[in-house]
Amino acid sequence: CRQQNSDTSCVFYSSEMTLKMKTEYELNSLFEASLENQDFQVYLQPKVRLSDEKTAGAEALVRWMHPQRGLIFPSDFIPLFEQNGKICSLDLYIFEKVCIYLNRCIQEKKDLIPVSVNLSRVHFRNPNFLEAFWKLKKKYKIPDGLIEIELTESIFFDTFQRRLVRDSITEMHRYGFGCSLDDFGVGYSALALLKDFDVDTIKLDRQFFSDITNTKAQKIISGFIRLAKDLGIHVVAEGIETQEQIDILRKANCEMVQGYYFSKPLTICDFEKWRRGSCKSR
Ligand code: C2E
Ligand code: MG
Ligand code: MG
Ligand code: MG
């Protein structure tokens, strides 16, 4: 404990905090070189349409493959890079990788499926942030409707940002991007969001399905799905791992599911194999 001021406050430092600060410091100092060396990679996780079990889309998820430290997951660095703003260049980098992938699919005349990318709330500090993404979309000649931007539900609750978020969604559509509401249903007044924001897809949060045997939970899920359908909004159920969850979602007419039941996030190469049906990762 370090006495900061004789009578007002006291700051505690534990060994875990020191370790955390040390790790954060290290991860920060590795960032630029890792970006340069292409140590950040895009993994793709399939979104499977329940009616025919075909791959209807994919979500791009970042993985940090550090030569010395090994594989680092987003939860270990995204909050840190959101604090210091580095997330903006990382998101742009991942977005460009997705454009390069889609461009290659177009050149090779493969079946095209939409890919969604996660954008941090930090981008909204710059009202013109979408222009940089649109320029990349144009550079790689990606047709409209092939890239969807995922925004996490929490952005929509920030009353200061509401206007900005609404305008940004309009702009996304003008630029030919879809907009997806990630982690839907965990926050309060989630339903009001559907009225106020013109999103194309909602991703029902994994938490909904943790208690799938509960009949109330089942009714809430099917209610959300029906409502979204009435509003013309696509639905993806996230974090689906079991046959039981699949059965209930089928009964509720859920359109798409994403989760370990079908596949974990895969490298682009494994994703391609998976699509060809030669690599079952279930
Ligand atoms: P998210 O966008 O909600 O992504 C879904 C997360 O759930 C992913 O974790 C995915 O690997 C995991 N997941 C998928 N299926 C299952 C399942 O069946 N069971 C369980 N337990 N988990 C499942 P991941 O890849 O660790 O990413 C965590 C979060 O980090 C993402 O949540 C997203 O918010 C953020 N993130 C990931 N990549 C990026 C990125 O490129 N940019 C930004 N800004 N955020 C990203
Ligand atoms: Mg997401
Ligand atoms: Mg999510
Ligand atoms: Mg999430």
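Higher on the page you've got the structure.
No experiment lies behind these values; they were computed from the predicted model shown.

Another aspect to go through is the site of ligand 1. Around ligand 1, 24 residues are found, and the nearest of them are Arg63, Asp91, Asp182, Glu241 and Tyr260. In the model, a nitrogen atom of ligand 1 is placed 3.5 Å from a nitrogen or oxygen of the Ser120 main chain. With the chains in place, 82% of the 800 Å² that ligand 1 exposes on its own is no longer accessible. When residues of the shell around ligand 1 are traced back to their parent elements, those giving at least two are strand E4 (55-66), helix H2 (74-83), helix H3 (87-107) and strand E8 (178-184). Sorting elements by how many residues they give to the shell around ligand 1 places E4 first, with four residues. For the shell around ligand 1, the per-class residue count stands at ten nonpolar, five polar and nine charged.

The coordination sphere of the magnesium ion (ligand 2), as far as protein atoms go, consists of Glu59 (OE), Asn118 (OD1), Glu150 (OE) and Asp182 (OD), spread over 2.0 to 2.2 Å. Each donor residue of the magnesium ion (ligand 2) lies on one chain, and together they are spaced E-x58-N-x31-E-x31-D. Here the magnesium ion (ligand 2) and the magnesium ion (ligand 3) are spaced 4.0 Å apart, with Asp182 acting as a shared donor. Residue Asn118 is found in strand E6 (residues 115-118), and its partner Asp182 is found in strand E8; the two are separated by 64 residues along the sequence.

Scanning the model with the defined rule gives 18 salt bridges in all. Residue Arg162 pairs with Asp196 through a salt bridge whose shortest N-O separation is 2.8 Å. Here Asp196 lies in helix H6 (residues 190-196) and Arg162 lies in helix H5 (residues 162-174), a separation of 34 residues in the sequence. The class of Arg162 is partly exposed, set by a relative accessible area of 21%. With a shortest N-O distance of 3.0 Å, Asp196 and Lys195 are connected by a salt bridge. Take Asp196: its relative accessible area is 22%, and that puts it in the partly exposed class. Several salt bridges share partner residues, and in doing so they unite Lys47, Glu59, Glu150, Lys203 and Glu238 into one network.

A word on the packing of H3 against helix H4 (residues 130-139). Their axes nearest at 10 Å, the elements H3 and H4 cross at an angle of 20 degrees. Taken together, the axes of H3 and H4 are roughly parallel relative to one another. Where H3 crosses over H4, the two elements pack in a sense that is right-handed. Between H3 and H4, the contacting residues are Asp91, Leu92, Phe95, Glu96 and Cys99 on the first element and Ala132, Phe133, Leu136, Lys137 and Lys139 on the second. When its residues are assigned to classes, the contact of H3 with H4 shows six nonpolar, no polar and four charged.

Okay, a nonpolar patch on the surface next. Taken together, the side chains of Leu191, Leu227 and Leu231 make up a nonpolar region of the molecular surface, amounting to roughly 250 Å² of accessible area. As for its placement among the helices and strands, Leu231 is situated in the loop between helix H7 (215-230) and strand E10 (234-238). We classify Leu231 as partly exposed; its relative accessible area is 46%.

Attention now goes to the pairing of E10. Along E10, four of the five residues are buried, which leaves the element largely enclosed by surrounding structure. Both strand E9 (residues 201-204) and E10 contribute to a ladder of four bridges, which runs parallel. The partner of Thr201 across the bridge, within E10, is His234. For the handedness criterion, the β-α-β arrangement of E9, H7 and E10 is classed as right-handed. Tracing the backbone out of E10, into helix H8 (residues 243-251) and back to the parallel element strand E11 (residues 256-258) gives a crossover that is right-handed.

About the cut-offs
Residues numbered from 1 in each chain as written. Chains lettered and ligands numbered in written order. Predicted model: local features only at pLDDT ≥ 70, side-chain atom pairs only at ≥ 80, totals over all residues. Heavy atoms only, no water. Near = heavy atom within 4 Å. Polar contact = N/O pair within 3.5 Å; in protein donor to acceptor, adjacent residues only side chain to side chain. Areas by Shrake-Rupley, 256 points an atom, 1.4 Å probe, with all protein chains shown as cover. Helix = DSSP H or I, 4+ residues; strand = E, 2+ residues; numbered from the N terminus. Nonpolar A, V, L, I, M, F, W, Y, C, P; charged D, E, K, R; others polar. Donors = N, O, S within 2.8 Å, 3.2 Å for Na, K, Ca; no water. Salt bridge = Lys/Arg side-chain N within 4 Å of Asp/Glu carboxyl O. Buried < 20%, exposed > 50% of the residue type's maximum accessible area, 1.4 Å probe, protein only. Axes fitted to C-alpha atoms, helices over the stretch in contact; angles between N-to-C directions. Parallel < 35°, antiparallel > 145°, perpendicular 65-115°, else oblique. Left-handed = near helix turned anticlockwise from the far one by under 90°. Contact = heavy atoms within 4.5 Å. Patch = residues over 30% accessible without salt bridge, like charges linked within 9 Å, V, L, I, M, F, W, Y side chains within 5 Å. Pairing = 2+ DSSP bridges. Right-handed = clockwise from strand over helix to strand, strands pointing away.

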